[in-house]
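# Observations on chain architecture
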Amino acid sequence: MADEAPLLLRYHSAENQNELAGTRPPPPSMETVDETLERYMGGFQLLQAIFVAFAWAFDAQQTFINVFTDAEPTWHCTSAGDSNSAACSASTPCSLPPGSWVWDSPAHASVVSEWSLQCAGSALVGLPASAYFLGCLFGGFLLSTLADSVLGRKNMLFLSCFTMSLSAALTVVSPNLWAYAAMRLLCGCARATVGTSALVLSTEMVGKRWREKVSIAGFFCFTLGFLSLPAMAYLNRGESWRRLYLWTSVPCFFYSVLIYFWIKESPRWLLVRGRRDEAIQTIKSMTANNRNAITSSFSKLIVAEDAGDFDNVFSALKVLWVKRWALRRLLAAMTVGFGLGLVYYGMPLNLGNLGSDLYLSVTLNALAELPSSLATLFLVGRVNRRSSTVAFTTASGALSLLCVAVTTEPWRTAAEVSSFFAACTAFDLLLIYCIELFPTCVRNSAITMVRQTIVLGGVFAPVLVAEGRKRSFLSFGVFGTVVGCCGLFTACLPETRGRSMCDTMEEEELKQMIMSTSTTTP
């Protein structure tokens, strides 16, 4: 039965008190999971982690594809409508009689022109995008705990990518707006756990030395996916919007197949679930050196007394609720995430309201993610998580409010891109922060919950963007105010820079006790 118990770093209560009192040092042979992974990590293991991080590229494509497929095309008056020159200069052709105006592009180039939504309300026009983000919420709440309890990181990632690619492919045959919105809802449900599973799996496959770099690799991949959209949309201009969904769904399908057959499960998760032999075999398969010593090294880890209360799919959420310190961290991180989500998803959707070229504006926003990832790579090992997140959320809010005051180009676009850059950097820092805030047994569930509040901001973003076409404060102004206020909740979180990851709630509580004792001891 010893082989079935979770292998985690955990001390007995009496030993904890002795060590805190300084009466007995910890056993010299004791090793953390971080140290064991660090010792035997090879290049193949790192390659697998980076490949897992590439799932973020497909996440980005499905998240921002509505910017092009649901965009309102330009139009012009025909000779029959030239007599009504005032109406021809309006932002919409709704006041013009049929036959007096035409779209500049073929009707099938956009959802708006194909289904004649130019005069529809903002709620109806933004329905597919809102349905996608609503699906992300549903999927996150329904599937978030499966990666911590039943399926594991790898199977959850495969299932999410496969379903996301399938629903995107089915979108191609949508006969009307309602079927299209339903497919976007399904795609959002599947996508909900893609980024979280990829982030957690990739960081748990490597040791502490590479964790931050692997985390940022996912952000770089997200940028690549975002950048690929304007390129594909530009090549697809004048063609059906359905082709764009086809182009993004097929590569994702083949990627999910490779995930299933090539990628290994997280050794940390296997240890938490008490599957020591599988964890050892996983580590052996990912390294070519010292394979015989791996079993011996894992035997130095202390075996936990029990598996914890993780016997069903909702156990992780129950533990997060019962442990008040974990609940406080989760609520604070979720509040920050909501403000960031409003800006992160709202700014790209709001590009059409700037009056500049759509392809250029989206490209600039996508390029803004690249320096934000580089900034995160530079800052993550040098500055505190808490202060840097507050600084970037405040900067994003101030620059978004500046977009309301500045109406001339290119200064308005510069302020918008700068605000998006600050939000992207804060987004990256927040996810890395959450990896360190929560132990392995609840990490996937906690990060998924944080990402759901980020997506919740995305649910409101399309409606605010549609209203912002009339008054810019209802988009840029609301974005800036909300992200600035929500970012202040980061001050409620403990600092985690330089810490190793914990695996159980007890280990995290012990670490807090040791830190509080060390700070109070003169």
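Everything quoted here is computed from the prediction, not taken from an experiment.

Rules behind the numbers
- Residues numbered from 1 in each chain as written.
- Predicted model: local features only at pLDDT ≥ 70, side-chain atom pairs only at ≥ 80, totals over all residues.
- Heavy atoms only, no water.
- Axes fitted to C-alpha atoms, helices over the stretch in contact; angles between N-to-C directions.
- Helix = DSSP H or I, 4+ residues; strand = E, 2+ residues; numbered from the N terminus.
- Parallel < 35°, antiparallel > 145°, perpendicular 65-115°, else oblique.
- Left-handed = near helix turned anticlockwise from the far one by under 90°.
- Contact = heavy atoms within 4.5 Å.
- Nonpolar A, V, L, I, M, F, W, Y, C, P; charged D, E, K, R; others polar.
- Core = buried A, V, L, I, M, F, W, Y, C linked by side-chain atoms within 4.5 Å.
- Buried < 20%, exposed > 50% of the residue type's maximum accessible area, 1.4 Å probe, protein only.
- Phe/Tyr/Trp six-rings, centres within 6.5 Å; stacked < 30°, edge-to-face > 60°.
- Lys NZ or Arg CZ within 6 Å of the ring centre and 35° of its normal.
- pLDDT = per-residue confidence, 0-100.
- Salt bridge = Lys/Arg side-chain N within 4 Å of Asp/Glu carboxyl O.

A separate point is the packing of helix α22 (residues 385–405) against helix α25 (residues 476–487). One way to put it is that α22 packs onto α25 with a least axis distance of 7 Å and a crossing angle of 160°. Taken together, the axes of α22 and α25 are roughly antiparallel relative to one another. The two elements α22 and α25 cross, and the hand of that crossing is left-handed. Counted together, Val390, Thr393, Ser396, Gly397, Ser400, Leu401, Cys403 and Val404 of α22 and Phe476, Gly477, Phe479, Gly480, Thr481, Val483, Gly484 and Gly487 of α25 form the full contact between these two elements. Here the residues of the contact of α22 with α25 sort into seven nonpolar, nine polar and no charged.

Take the nonpolar core next. One recurring pattern in soluble globular proteins: nonpolar side chains tend to sit buried together. Trp56 and Leu157 are the most contacted members of the largest nonpolar core, which totals 108 residues. No other element matches helix α23 (residues 411–437), which puts 16 residues into this core.

Here helix α14 (residues 208–235) crosses helix α15 (residues 241–262) at 135°, and the two axes come no closer than 10 Å. Comparing the axis directions of α14 and α15 gives the class oblique. Where α14 crosses over α15, the handedness of that crossing is right-handed. When α14 is examined against α15, the residues Leu229, Met232, Ala233 and Leu235 are found in contact with a partner set consisting of Leu244, Trp247 and Thr248. Looking at side-chain class alone, the contact of α14 with α15 contains six nonpolar, one polar and no charged residues.

On to the side chain of Ser110, then. Tracing the sequence through the fold places Ser110 in the loop between β2 (101–103) and α7 (111–114). The class of Ser110 is buried, set by a relative accessible area of 2%. Discounting residues that sit within four places of it in the chain, Ser110 has contacts with Thr69, Asp70, Ala71, Pro73 and Trp241.

Our next topic: the packing of aromatic side chains. In total, this model carries 29 aromatic pairs according to the counting rule given. Consider the rings of Trp115 and Trp241, whose centres lie 5.6 Å apart with planes at 70°: the pair is edge-to-face. A residue pair is termed long-range when its members are at least 10 positions apart, and Trp115 in the loop between α7 and α8 (122–125) and Trp241 in helix α15 qualify at 126 residues. Since its relative accessible area comes to 1%, Trp241 is described here as buried. Taken together, the ring pairs in this structure connect Trp56, Phe64, Tyr132, Phe133, Phe219, Phe222, Phe226, Tyr344, Tyr345, Phe420 and Phe427 into an aromatic cluster. Seen from the ring of Tyr234, Arg237 lies directly overhead, with NZ or CZ sitting 3.8 Å from the centre.

With that settled, consider the confidence of the model for the protein. Chain-level statistics for the protein give a pLDDT mean of 78 and a share of 78% at 70 or above. Across the protein, α15 holds the top mean pLDDT of 93, while helix α1 (residues 13–21) sits lowest at 42. Here residues 1–29 scores under 50 on pLDDT; set against residues more than four positions off or in separate chains, the count is 56 contacts. For residues 302–308, every residue scores under 50 in pLDDT, and the model assigns this stretch 18 contacts once sequence neighbours within four places are set aside.

It is worth spelling out the pattern of salt bridges at this point. All chains considered together, the criterion is met by nine salt bridges. Between Glu114 and Arg242 there is a salt bridge, and its shortest N-O distance comes to 2.6 Å. Residue Glu114 is found in helix α7, and its partner Arg242 is found in helix α15; the two are separated by 128 residues along the sequence. Residue Glu114 is classed as partly exposed on the basis of its relative accessible area, which comes to 25%. By relative accessible area, which is 16% here, Arg242 ends up buried. Notably, a salt bridge pairs Glu508 with Arg329, separated by 3.2 Å at the nearest N-O pair. Of this pair, Glu508 sits in helix α26 (residues 505–520) while Arg329 sits in helix α20 (residues 324–349), placing them 179 residues apart in sequence. Since its relative accessible area comes to 1%, Glu508 is described here as buried. Bridged by salt links that share partners, the residues Asp59, Arg191 and Arg451 form one connected network.

Turning next to the side chain of Ser419. The residue Ser419 is located in helix α23 in this model. If we skip the residues at most four places from it in the chain, Ser419 touches Val343, Met347, Ser396, Leu399 and Ser400.

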